[in-house]
Amino acid sequence: MSRTVEDTAHASAPVLAAYRYCEAITGQQARNFAYGIRLLPTDKRQAMSALYAFSRRIDDIGDGTLEPAAKQGRLEDTRALLDRVKDGRIDDDDTDPVAVALADAARRFPLPLDGLDELIDGVLMDVRGETYETWDELKVYCRCVAGAIGRLSLGVFGTVPGAQDTERAPEYADTLGLALQLTNILRDVREDAGNGRTYLPAEDLAKFGCVDGFDRPVPPPGSDFTGLVHFEVNRARALFAEGFQLLPMLDRRSGACVAAMAGIYHRLLSRIAADPGAVLRGRVSLPGREKAFVAVRGLSGLDARAIGRRQSVRRRG
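Residues numbered from 1 in each chain as written. Predicted model: local features only at pLDDT ≥ 70, side-chain atom pairs only at ≥ 80, totals over all residues. Heavy atoms only, no water.

1. Notes on unusual backbone geometry
To keep things clear, this is the line we draw: Segments assigned H or I by DSSP are reported as helices when at least four residues long, segments assigned E as strands when at least two residues long, and all are numbered from the N terminus. The buried label applies to any residue whose accessible area, calculated with a 1.4 Å probe on protein chains only, is under 20% of its type's maximum; exposed applies above 50%, and partly exposed to all values in between.
Here the phi dihedral of Asp165 falls at roughly 60 degrees; this positive angle occurs in a residue that is not glycine. Mapped onto the elements, Asp165 comes out in the loop between helix H8 (135–157) and helix H9 (169–187). The exposure class of Asp165 is partly exposed, given its relative accessible area of 33%.

Here it is, written out as structure tokens:
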């Protein structure tokens, strides 16, 4: 049986310390994510911080300076730790605070922890230097590194009783993760090129004359870089439109959290669309006041209600 918020207030000192450790990691290293989850009640915020801290550990291995073989070994060690969490073999006094927090969160919420295995699989794709010929191939990667996080987050959020079509909630959470990841790929195209990585599908790069890559602050000579960015932006917007159908299925504060996090990336996408070349000149971001506006809008429930009305109209039609 799931614990209540009051139960978590009486959790053991090591568990509470483990959550504080995870929340510190989240606050320091994931500003957009932290901005959204602070709208959640304590128990859900703690669980989301534990998920983030474990996921961050996996990402940091992939992004680190170790040789590929060493990275693979570290990732498999992390998978073994995850297996211990799944099997209930992490005690409150375990020496790994992230594992302690994740294990406690998994006892409180129905987390599909196999999603973290998928994240490890996705990071292994990075370690192997895989590239993607088509969007369908890139989608597999995006589902591992972002869609899975959407589904894990849904395990924390839950759905409200009486909401319609909740059987599709995991699908919408997954799709919203894809939208966020494609936005990340567009934002980081220059940084990734500097690290020897190309994520955009090769067939898209060829279509717009961008096969020479993005290792300079200007588009490749003779390319239609603006056309490429707008093509990918439209793809991401379609993913956002589908994924946002999750919002009416969530309670007010969970919906506000999702609306804030996804809304920040949706606005970031619009900023990229307005000035495609900006992603080659530096890191595109939103000012704090704009993030605050998105959070307030999410907390008001405006987005969820608007989407709910559109869904009702479609069903009546």
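Having seen the structure, we can now continue with the description.
2. Regarding empty space enclosed by the protein
Put simply, the rule is: Definitions used for this entry: grid spacing 1 Å over protein atoms alone; cavity, a set of points where a 1.4 Å probe fits but cannot get out; pocket, an open set with protein on both sides within 12 Å along at least 5 of 7 lines; lining residue, one with an atom within 4 Å of a point. Grid points are joined across faces, edges and corners, and a volume is the space filled by probe spheres set on the points. For this classification, Asp, Glu, Lys and Arg are treated as charged, while Ala, Val, Leu, Ile, Met, Phe, Trp, Tyr, Cys and Pro are nonpolar and the rest, including Gly, are polar.
Tallied over the entire structure, the rule returns two cavities of 30 Å³ or more. Estimates place the volume of the largest cavity at around 70 Å³. Taken together, Ile185, Val189, Asp192, Ala193, Arg197, Thr198, Tyr199, Leu200, Gly213 and Phe214 make up the lining of the largest cavity. The leading source of residues in the lining of the largest cavity is helix H10 (residues 189–194), at three residues. Looking at the lining of the largest cavity, its residues break down into six nonpolar, two polar and two charged.

3. What to know about the nonpolar core
Quick note on the threshold: Working definition of a nonpolar core: buried Ala, Val, Leu, Ile, Met, Phe, Trp, Tyr and Cys residues. They are joined through side-chain atoms within 4.5 Å. Two residues qualify as a contact provided that any one of their heavy atoms is within 4.5 Å of a heavy atom in the partner residue.
Grouped together as the largest cluster of nonpolar side chains are 95 residues, with contacts concentrated most on Leu102, Leu111 and Leu116. The leading source of residues in this core is H8, at eleven residues. Setting aside its immediate chain neighbours within four residues, Leu111 contacts Leu51, Leu102, Ala105, Ala106, Leu152, Gly155 and Val156.

4. Structural notes on the packing of aromatic side chains
Condition: Paired rings are identified among Phe, Tyr and Trp, the last through its six-membered ring, by centres lying within 6.5 Å, and are further divided according to the angle between planes into stacked (under 30 degrees), edge-to-face (over 60) and tilted (the rest).
Counting across every chain of the model gives five aromatic pairs. Where Tyr141 meets Tyr199, the ring centres are 5.3 Å apart and the plane angle is 25 degrees; that geometry is what we call stacked. Of the two residues, Tyr141 sits in helix H8 while Tyr199 sits in the loop between H10 and helix H11 (202–207), which places them 58 residues apart along the sequence. By relative accessible area, which is 4% here, Tyr141 ends up buried.

5. Focus on helix H6 (residues 97–108)
Applied cut-off: Here, expected helix span is obtained from the residue count minus one, scaled by 1.5 Å.
With twelve residues, H6 extends 17 Å from end C-alpha to end C-alpha; this agrees with the ideal 16 Å at 1.5 Å per step. Here H6 lies mainly inside the structure; nine of its twelve residues are buried. Listed as buried for H6 are Val98, Ala99, Val100, Ala101, Leu102, Ala103, Asp104, Ala105 and Arg108.

6. Overview of the environment of Asp83
Position of Asp83 among the secondary structure elements: in helix H5 (residues 68–86). Its relative accessible area of 32% is what places Asp83 among the partly exposed residues. The spatial distance from the C-alpha of Asp83 to the C-alpha of Asp114 is 9.4 Å, given a sequence separation of 31 residues.

7. With respect to the pattern of salt bridges
Just so we agree on the cut-off: The rule for a salt bridge is simple: a side-chain nitrogen of Lys or Arg has to be within 4 Å of a carboxyl oxygen of Asp or Glu.
All told, the structure shown has 30 salt bridges when counted by the stated rule. Close ionic contact of Arg107 with Asp92 constitutes a salt bridge, the shortest N to O distance being 3.4 Å. Highlighted residues: Arg107 in helix H6 and Asp92 in the loop between H5 and H6, separated in sequence by 15 residues. Across the pair Asp104 and Arg107 runs a salt bridge, and its minimum N-O distance is 3.5 Å. Of this pair, Asp104 and Arg107 both sit in helix H6, three residues apart, which is roughly one turn of that helix. Assessed through its relative accessible area of 38%, Arg107 is described here as partly exposed. One continuous salt-bridge network, built from bridges that share partners, spans Glu76, Arg79, Lys86, Asp114, Asp117 and Asp121.

These values are about where atoms sit, not about what they do.
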